[in-house]
Amino acid sequence: MGTLYLDRQDIELCQESDYLCLYEGGERRGTVPLTVVDRVVIRGRATVSTGALGLLAERGVGLLVLSGRHGRRVAMLLGRPHGDVARRVAQYCWHADTGRRLPLARLVVLGKLRGQCQLLRRAMEKRPDCRKPLFDALAQVEGVRQRLRGADPGQISLSSLRGMEGAAAAAYFAGFTALFAPSLGFTGRNRRPPRDPVNAALSLAYTLLHFEAVLACHMAGLDPFVGVYHDLAYNRESLAADLVELMRSHADEWIWRLFAERRLHEKYFVREGEACLLNKRGREVFYGSFEGFCRPIRNRLRRYASILVRALATDTGP
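This one's a predicted model, so the numbers in the text were calculated from it and none came from an experiment.

A. Broad picture of the sheet that holds strand 3 (residues 19-24). Strand order across the open sheet formed by four strands is 4-3-2-6, with mixed pairing between neighbours. Every other strand in the sheet has two partners, leaving strand 4 (27-33) and strand 6 (46-48) as the edge strands with one partner each. Each adjacent strand pair in this sheet contributes to an overall mean axis angle of 25°, direction not counted. In terms of strand pairing, strand 2 (residues 11-16) meets strand 3 through six bridges, oriented antiparallel. The partner of Leu 13 across the bridge, within strand 3, is Leu 22. Contacting strand 2, strand 3 and strand 6, helix 1 (residues 50-58) crosses the sheet at an angle of about 65° to strand 2.

B. Representation of the nonpolar core in the model. One finds Ile 255, Leu 264 and Phe 286 to be the most contacted residues of the largest nonpolar core, which totals 85 residues. For this core, the secondary-structure elements that each account for two or more residues are strand 7 (62-66), helix 3 (98-126), helix 4 (131-150), helix 5 (158-176), helix 6 (197-220), helix 7 (238-260), strand 10 (275-278) and helix 8 (280-314). Considering every element that reaches this core, the biggest residue donor is helix 6, with 16 residues. Aside from chain neighbours lying at most four places away, what touches Ile 255 is Phe 180, Val 198, Ala 201, Leu 202, Ala 205 and Phe 286. Of all hydrophobic cores here, the second largest spans 16 residues; its members include Leu 13, Leu 20, Ile 42 and Val 61.

C. Layout of helix 6. The end-to-end C-alpha separation of helix 6 is 35 Å, in line with the 34 Å expected for 24 residues at 1.5 Å each. Helix 6 sits mainly inside the fold: 22 of its 24 residues count as buried. At the N-terminal end of helix 6, a side-chain oxygen is found 3.1 Å from the backbone nitrogen of Val 198, two or three residues along, and the residue is Asp 196. Just past helix 6, the residue Gly 221 takes up positive phi, approximately 85°.

D. Up close: the packing of aromatic side chains. On inspection of all chains with the given rule, the structure shows 15 aromatic pairs. Taken together, a centroid distance of 5.2 Å and an interplanar angle of 75° make the contact between Phe 176 and Phe 180 edge-to-face. Put simply, the rings of Tyr 172, Phe 173, Phe 176, Phe 180, Phe 186, Phe 259 and Phe 269 touch in pairs and so form one group of aromatic residues. In this arrangement the basic side chain of Arg 257 is found over the ring face of Trp 256, its NZ or CZ atom lying 4.9 Å from the centre. Positioned above the aromatic ring of Tyr 304, the side-chain terminus of Arg 303 is 5.9 Å from the ring centre.

E. Spotlight on the environment of Asp 129. Residue placement: Asp 129 occurs in the loop between helix 3 and helix 4. You can call Asp 129 exposed: its relative accessible area is 57%. Expressed as a C-alpha distance, the spacing of Asp 129 and Arg 73, which sit 56 residues apart in the sequence, is 38 Å. Within polar-contact distance, the side chain of Asp 129 engages the side chain of Arg 127 at 2.9 Å.

F. Molecular detail of helix 1. For helix 1, the full list of buried residues reads Ala 52, Leu 55 and Leu 56. Seen end-on, helix 1 carries its buried residues on one side only, within an arc spanning 100°. Across helix 1 from its buried face, at more than 90 degrees, point the exposed residues Thr 50 and Glu 58. Contacts made by the buried residues of helix 1 are with strand 2, strand 3, strand 5 (37-43), strand 6, strand 7 and strand 8 (73-77).

G. Region of the structure containing the environment of Val 214. Looking at the secondary structure, you find Val 214 in helix 6. Sequence-distant contacts of Val 214, that is, excluding residues within four places in its chain, are made with Met 76, Leu 78, Pro 224, Glu 237 and Ala 240.

H. Looking closely at the side chain of Gln 116. Mapped onto the fold, Gln 116 is located in helix 3. A relative accessible area of 5% means that Gln 116 is categorised as buried.

I. Representation of the pairing of strand 10 within the structure. On strand 10, burial covers both faces: Ala 275 and Leu 277 on one face and Cys 276 and Leu 278 on the other are all buried. Of the strand pairs in this sheet, strand 9 (residues 269-272) and strand 10 are connected by four bridges, and their pairing is antiparallel. Residue Phe 269 lies in a different strand from strand 10, and its bridge partner there is Leu 278. Hairpin connection from strand 9 to strand 10: two residues lie between these consecutive antiparallel strands, with Gly 273 at a positive phi of about 65°.

J. Summary view of the sheet that holds strand 7. Pairing is mixed across the open sheet formed by four strands, whose spatial order is 1-5-7-8. Pairing within the sheet leaves two strands with one partner each, and these edge strands are strand 1 (2-6) and strand 8. The sheet shows a mean angle of 15° between the axes of neighbouring strands, taken without regard to direction. Across five bridges, strand 5 lies against strand 7 in parallel orientation. Across the sheet, residue Arg 39 finds its bridge partner in strand 7, namely Gly 62. Contacts from helix 1 reach strand 5, strand 7 and strand 8 within the one sheet, and its direction differs from that of strand 8 by about 65°.

About the thresholds
- Residues numbered from 1 in each chain as written.
- Predicted model: local features only at pLDDT ≥ 70, side-chain atom pairs only at ≥ 80, totals over all residues.
- Heavy atoms only, no water.
- Pairing = 2+ DSSP bridges.
- Helix = DSSP H or I, 4+ residues; strand = E, 2+ residues; numbered from the N terminus.
- Axes fitted to C-alpha atoms, helices over the stretch in contact; angles between N-to-C directions.
- Contact = heavy atoms within 4.5 Å.
- Core = buried A, V, L, I, M, F, W, Y, C linked by side-chain atoms within 4.5 Å.
- Buried < 20%, exposed > 50% of the residue type's maximum accessible area, 1.4 Å probe, protein only.
- Expected span 1.5 Å × (residues − 1).
- Polar contact = N/O pair within 3.5 Å; in protein donor to acceptor, adjacent residues only side chain to side chain.
- Phe/Tyr/Trp six-rings, centres within 6.5 Å; stacked < 30°, edge-to-face > 60°.
- Lys NZ or Arg CZ within 6 Å of the ring centre and 35° of its normal.
- Arc of directions from axis to C-beta.

Below, the structure is given as structure tokens:
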């Protein structure tokens, strides 16, 4: 099972029996059996028939629609939800009790910090020329991680967790940026719009990861909008954002390897005003590589969602 990426203008996706059919300019361009597809990603101007939408929803195939210009998410189709409503009720009760949320929120932050430390250690082995900034970043992130591990749980709050996570993120990116050629102009994380090639690739990777996390929550019968670390926010799937935090360092390392191996480079990007965007060839390279990177990530996201379901089932409350 894999992902069908549609990144061409004026393409039409229709349903014929158990197949998805692609038309361009009224001519049939291809047919894809639904048995080999478990998600569809569409970018740009496209038409999806009601029959195709119904078939995707019925079979539980996720659909993500990205804007044609900047690649931002504009719509998602998740299909039929999990039938166990009790899971979501338990989730809402848990969210309302900060004392019950905090242990899992702490684990989310610890998991993110561990991933950042692992990436920085591997980077020092492969890039001895960047040892100083990487060592400094690792020392600071590991220091935050050890403070959090040794802290009295009763003295930890969501606010202090976010302060620790933010301080570690600043230190981490100070080292991570050293791994990229100065010509790329990557000096730190920026978005909306991303202003350099590395941030453009990171933004698209995080967008696709977030979609995978939403699907994992949905399949597990959890409400992706109600998180444990991230608070409620309008139009944000906070639980999916929690899961993505655990996967960010994996995406960061993958993006680093794409540039280090010259599979992505400057000629695959274009500038529109302040925004730096992947061009069509760059997106082809990106999507082709993303599938291999994301297969194990999907399994981990589903496993984390299952762990939360079991925790909700065994928690008897205060």
